[in-house]
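Take a look at the letters that make up each chain.
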Amino acid sequence: MSPDRPNAPSEQTIAVGVDIGATAIKAAPVTLRGELLESFHQPSPRTPAALRDFVHSVLKQANAPVRGVGIGCKGVIDPATSRVNSLPGDLHFLEGRLLTDVIDPGDLPVYADNDARTALIAEVLWGAARGKRNVVLLTLGTGVGGAVLVDGAILRGASGAAGHLGHVTLDLHGGLCICGNFGCVETRFSSRAIESDYQAHLHRAAPTKLSLGKAGQPPTTEAIFRAAAEGDESARCVLDRALEYLTAAMVSFLHIFDPEVLILGGNIAEAGPQLLAPIRDEVARRTRILLGREVPIVFQSLVGYGGVAGAAGLVFLQQGLLKI
Ligand SMILES: [Zn+2]
């Protein structure tokens, strides 16, 4: 391609990716190869002005012409308009707003989508699912997020809510979920579920090695995994039960979507083999008849700034500079 065509993609073609999380916001100028030229982060904004100022400060520091701003955000986002349709919690101030208007980057286009989807885009363009056309990604954290690539297209649904895999009913008689349903996946397997189950063990004076914090808070999921490895009976029992539910959920997702690969991300995925080793064979055993093969279950490869890279990837995909 000729260097005198200013709009032609080149090694210098960049987009700014932004990942708005519940506790931190991250951003970076990203190249077509998925390389982050620099990275920026700060605590999550609590006002639209703080969000706008952060993105503008990143845009000012980008050294090459920027093709657009891509945003991954929690909640239900309409990618056609960048409207935040539903966003409970600390980022609720963005609900009902158009992210294009909030960020107001002049002539630059803004593209936005749910953060699990931008994480999926990063894995498909540059990571663990490169070149794949059918992929399921689960983010295992405080809650459980999901994103799905079906025959090369991101599953979005009629209102943009499709792929909320954490809100599939897993327990008919289960407890109330944040979404209003009962017995969802994330009421059985999530940091929230694991920590409250361990807390119940503490209340019932079961044998435990961990104790409540000074403010009465339960031990973290990370600590519970560590305690289980060190022989804490309650931690082992809580995790075994949670992993049974995760296994059942994963089997269902494989049967529904028949993906080439299932990717696990989120904080709990950092437990690595301790998470996967007890369930991998069981998932394979229960899916082999219908699928006729063992579907690889792998960890997200672009950890930390994957959502940022994927948000920039959204810009490249929307502008036809990259294809899935
Ligand atoms: Zn739910």
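A quick note: this is a predicted structure, and the numbers were derived from the prediction, not measured.

Criteria and cut-off values
Residues numbered from 1 in each chain as written. Predicted model: local features only at pLDDT ≥ 70, side-chain atom pairs only at ≥ 80, totals over all residues. Heavy atoms only, no water. Helix = DSSP H or I, 4+ residues; strand = E, 2+ residues; numbered from the N terminus. Rg over C-alpha atoms; globule rule 2.2 N^0.38 Å. Buried < 20%, exposed > 50% of the residue type's maximum accessible area, 1.4 Å probe, protein only. Contact = heavy atoms within 4.5 Å. Areas by Shrake-Rupley, 256 points an atom, 1.4 Å probe, with all protein chains shown as cover. Lys, Arg positive; Asp, Glu negative; His and termini not counted. Charge placed at Lys NZ, Arg CZ, Asp CG, Glu CD. Pairing = 2+ DSSP bridges. Axes fitted to C-alpha atoms, helices over the stretch in contact; angles between N-to-C directions. Donors = N, O, S within 2.8 Å, 3.2 Å for Na, K, Ca; no water. Tetrahedral: all angles 85-135°; square planar, octahedral: opposite > 155°, others 65-115°. pLDDT = per-residue confidence, 0-100. Parallel < 35°, antiparallel > 145°, perpendicular 65-115°, else oblique. Left-handed = near helix turned anticlockwise from the far one by under 90°. Nonpolar A, V, L, I, M, F, W, Y, C, P; charged D, E, K, R; others polar. Phe/Tyr/Trp six-rings, centres within 6.5 Å; stacked < 30°, edge-to-face > 60°. Lys NZ or Arg CZ within 6 Å of the ring centre and 35° of its normal. Salt bridge = Lys/Arg side-chain N within 4 Å of Asp/Glu carboxyl O.

**Points about the overall build of the protein chain**
- A count of helical and extended segments in the protein chain gives nine helices and twelve strands.
- A globule of 324 residues ought to have a C-alpha radius of gyration of about 20 Å, and the protein chain, at 20 Å, matches this closely.
- Along the first, second and third principal axes, the C-alpha set of the protein chain runs to 70 × 50 × 35 Å.
- Taking all 324 residues of the protein chain together, the buried fraction comes to 47%.
- A separation of at least 24 residues holds for 62% of the contacts in the protein chain among residues at least 6 apart in sequence.
- Within the structure as shown, the protein chain displays about 15000 Å² of accessible surface, and the carbon and sulfur contribution to it stands at 51%.
- For the protein chain, the distance from the average site of its 29 positive side-chain charges to the average site of its 32 negative ones is 1 Å.

**Quick look at unusual backbone geometry**
- If you check the backbone angles, Ser82 has positive phi at about 70° while not being a glycine.
- One non-glycine residue, Asp104, lies in positive phi territory at about 45°.
- Note that Asp104 resides in the loop between helix H2 (99-103) and strand E7 (110-114).
- For Asp104, a relative accessible area of 48% puts it in the partly exposed group.

**Brief notes about the sheet that holds strand E9 (residues 144-150)**
- Spatial ordering of the open sheet is given by E10-E9-E8-E11-E12, a layout of five strands whose pairing is mixed. Each end of this open sheet is capped by a strand with a single partner; those strands are strand E10 (153-154) and strand E12 (297-299).
- Relative to E12, strand E11 (residues 261-265) is paired through three bridges, and the arrangement is parallel. Across the sheet, Leu264 pairs through a bridge with Phe299, a residue of E12.
- The sheet strands contacting helix H7 (residues 233-257) are strand E8 (135-140), E9, E11 and E12, and the helix crosses E8 at an angle near 155°.

**A few points about helix H6 (residues 221-229)**
- Within the sequence span of H6, burial applies to Thr221, Ala223, Ile224, Phe225, Ala227 and Ala228.
- Buried residues in H6 make contact with helix H5 (191-203), H7 and helix H8 (273-291).
- Positive backbone phi, at 95°, marks Gly231, one or two positions downstream of H6.

**Section: the coordination of the zinc ion**
- The zinc ion binds to the protein through His167 (ND1), Cys177 (SG), Cys179 (SG) and Cys184 (SG), with metal-donor distances spanning 2.0 to 2.3 Å.
- Viewed at the metal, the four donor atoms of the zinc ion are separated by angles of 104 to 122°, and the geometry they form is tetrahedral.
- Within one chain, the residues serving as donors to the zinc ion are arranged as H-x9-C-x1-C-x4-C. Here the residue His167 occupies a position in the loop between E10 and helix H4 (185-188), and Cys179 occupies one in the loop between E10 and H4, the gap between them amounting to twelve residues.

**Considering the pairing of E9**
- Where burial is concerned, most of E9 is hidden: six out of the seven residues are buried.
- Pairing analysis gives six bridges linking E8 to E9, with the strands arranged antiparallel. Bridge pairing in E9 places Leu138 opposite Gly146.
- Between E8 and the antiparallel strand that follows it, E9, lie three residues.
- Pairing of E9 with E10, which is carried by two bridges, proceeds in the antiparallel orientation. Bridge assignment links Leu149 to a residue of E10, and that residue is Ile154.

**Brief notes about the confidence of the model for the protein chain**
- Overall, the prediction assigns the protein chain a mean pLDDT of 93, with 97% of residues at 70 or greater.
- Within the model, the stretch residues 1-6 combines pLDDT values under 50 with two contacts to residues more than four positions away or in other chains.

**Some remarks on the packing of H5 against H7**
- Across the interface, H5 lies against H7 with an axial gap of 10 Å and an inter-helix angle of 140°. Classified by the interaxial angle, the pair formed by H5 and H7 is oblique. Note on packing geometry: the crossing formed by H5 with H7 is right-handed. For the pair formed by H5 and H7, the contact residues are Ile194, Asp197, Tyr198 and His201 on the first element and Ser234, Ala235, Cys237, Val238, Leu239, Arg241 and Ala242 on the second.
- Taken together, the residues of the contact of H5 with H7 break down into seven nonpolar, two polar and two charged.

**A short note on the packing of aromatic side chains**
- Here the structure, examined in full by the defined rule, presents zero aromatic pairs.
- Between the NZ or CZ atom of Lys26 and the centre of the ring of Tyr305, over which it lies, the distance is 5.2 Å.

**A look at the pattern of salt bridges**
- Counting across every chain of the model gives 13 salt bridges.
- Between Arg156 and Asp113 there is a salt bridge, with its nearest N and O atoms 2.4 Å apart. Of this pair, Arg156 sits in the loop between E10 and H4 while Asp113 is found in strand E7, placing the two residues 43 residues apart along the sequence.
- For Asp113, a relative accessible area of 0% gives the class buried.
- Beyond isolated ion pairs, a larger network of salt bridges with shared partners links Asp113, Arg117 and Arg156.

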